[in-house]
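# Tertiary structure, described
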Amino acid sequence: MVTTMKGLIRAPKGRTRTVVGHKYLEALQSKVSSDSDTSISPSPPTVPKQPGLNLLILGITSGTAMDDIDFALCRFTQESPETPLYLEIVQYDSVVMPSKIRIDILSMLQEDAAPPSMLSQMDAEMGHTFANAIHIFTRKHGISVDDIDMIGSGGQLVTLTGTPPKGQHRSNMCLGEGAVISAKTGVTTVSDYRTAEQAVGRQGAPLFAYLVGLLLHHPTRLQICITIGGITTVCFIPADNKGGIDAMYDWDTGPGTSMIDSAFRQFGLDPTVDQNSPLLHGGQICHEVVEELLTHDEFLKTRPPKTTAREIFGDAMAMRIVTMCAYRGCTAADTIATMTRFTSTSIAQQMLLFGPGRDAINNADIVVDGRGMSNPQLIADLQGEFPGARFGSFDKTGVPRNAKKAVGFAMQAMEALLGRALPVPTNADVRRPNTITGKLAPGLRWREIIEKSVQFGGAGRGWEGLPEVRELIVKRKG
């Protein structure tokens, strides 16, 4: 027979009781004492209303192209775990990536075996770069860093192994040490989201199906989000009457803008300013090269779930395509046009091979975001492939397309603090919810935000998981 001494809280079977905020502990103790001593108070105890959630979080990320560092300062509010989550984008902007570190990283990636000292130096250097960029962003917009509760850093992904050879483990290298960011800003920082995903058996990317699903799901129409960054990701969200976010699925389709950017640099052009260079006018597509690439690429033939990064569709692949085109007498303009067509065709091919079929896609709403939005030929190719679909921008959700990933990392930072799981796509390797969504580097207000987290949800929630967010509402300005 197990007895409970007066004044002690019984820990649930199979769990270890952990130290929590004193206010939360007092509320729990009051409830347990009232339940165990009915002679003192036979009536049900009155539990005071617990505070809702109110967190100001800065999301930060740098894409595969490594041209800018994107920021989104988000305020998340929620009355209780069962009510809708509200998102207000207080400010968003970009800071130009310093050319030196971009060149250093690109040079490192072109080497077959970068020494460990170089990798560790780049990791620390990127952490300092992000921290400096945060101070530039906050000063520009008159924001006090001290007011920010948390930072969610997506880091700078340089390599990702989602499906390793037998005997190896899933892994990634994402530069930008969170502890450096925390130390330089004083703000609690969450990072290494991909490692957290891989630790529970998933591939580490894509990461934003939960955000896309919550923002785009529709009562009766299929929603498709095509994110054309350095790598392209596609996410399908069936209509709510066919499963909605509980039936969504996503994967990396392959190349985005990274190879096109690499080709620009190989021809002595800057992809950020030379898109309209006279050297690129009148380019002719080499269909032979496009067909060969589509037919023989192993990644494109692999069924989802799958993810990729620069190690497949990066500088080496771009150089190979440039060489293939040069052998056939192509000009720089011809090569860029060929690479663009390969990119758009690979996206459409993947959607048709592994999506719900051409008819369903032609009757869907297709939202496009990412840096590829600035390439009119990519968009025109996709519109030509799916003429019946209704194309639109991610901006319609209230989240600017250039801020989506930064908002996503901010939201994941909040969920890491709360220990709350995110919705998992149906085609994930492992459907088990993951409440460990990143690594935390405590800042100066660490105890304060931990107390906010513990109090959210009310007494008795300390040992229970919070329910997933089922509704996200964007507060629009004006």
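Residues numbered from 1 in each chain as written. Predicted model: local features only at pLDDT ≥ 70, side-chain atom pairs only at ≥ 80, totals over all residues. Heavy atoms only, no water.

What the protein chain contains, in helices and strands, is 15 helices and 13 strands. Looking at the protein chain as a whole, 52% of its 478 residues are labelled buried. For the protein chain, restricting intrachain contacts to residue pairs at least 6 apart in sequence, the fraction spanning at least 24 positions comes to 73%. Accessible surface for the protein chain amounts to roughly 21,900 Å². Of this, 53% is attributable to carbon and sulfur atoms. (Helix = DSSP H or I, 4+ residues; strand = E, 2+ residues; numbered from the N terminus. Buried < 20%, exposed > 50% of the residue type's maximum accessible area, 1.4 Å probe, protein only. Contact = heavy atoms within 4.5 Å. Areas by Shrake-Rupley, 256 points an atom, 1.4 Å probe, with all protein chains shown as cover.)

Attention now moves to the sheet that holds strand β7 (residues 223-228). The strand order β9-β8-β7-β10-β11 describes an open sheet built from five strands, whose pairing is mixed. Edge strands, defined here as strands with exactly one partner in the open sheet, are β9 (249-255) and β11 (390-393). The mean angle between the axes of side-by-side strands here comes to 20°, regardless of whether they run parallel or antiparallel. Bridge analysis of β7 against strand β10 (residues 365-369) gives five bridges, and the strand direction is parallel. Paired with I224 across the bridge in β10 is I366. Sitting on the sheet, helix α11 (residues 332-354) is in contact with β7, β8 (231-237), β9 and β10, with an inclination near 150° to β9. (Pairing = 2+ DSSP bridges. Axes fitted to C-alpha atoms, helices over the stretch in contact; angles between N-to-C directions.)

Assignment of secondary structure puts Q412 in helix α14 (residues 404-418). Setting aside residues up to four positions removed in sequence, Q412 forms contacts with Y193, L207, F208, Y210, L422 and T437.

With that settled, the discussion passes to unusual backbone geometry. The step from A205 to P206 runs through a cis peptide bond, and the omega angle for that step is -10°. Along the chain, the position of P206 falls in the loop between α5 (193-199) and α6 (209-216). Residues P304 and P305 are joined by a peptide bond in cis, for which omega reads 5°.

This brings us to the pattern of salt bridges. Tallied over the full model, the rule gives 24 salt bridges. Residues K404 and D369 are paired through a salt bridge, measuring 3.3 Å at the closest nitrogen-oxygen approach. Of the two residues, K404 sits in helix α14 while D369 sits in strand β10, which places them 35 residues apart along the sequence. In this pair, the class of K404 matches that of D369, namely buried. A network of salt bridges, in which partner residues are shared, links D149, R445, E448 and K452. (Salt bridge = Lys/Arg side-chain N within 4 Å of Asp/Glu carboxyl O.)

By themselves, these observations are geometric and do not establish any function.
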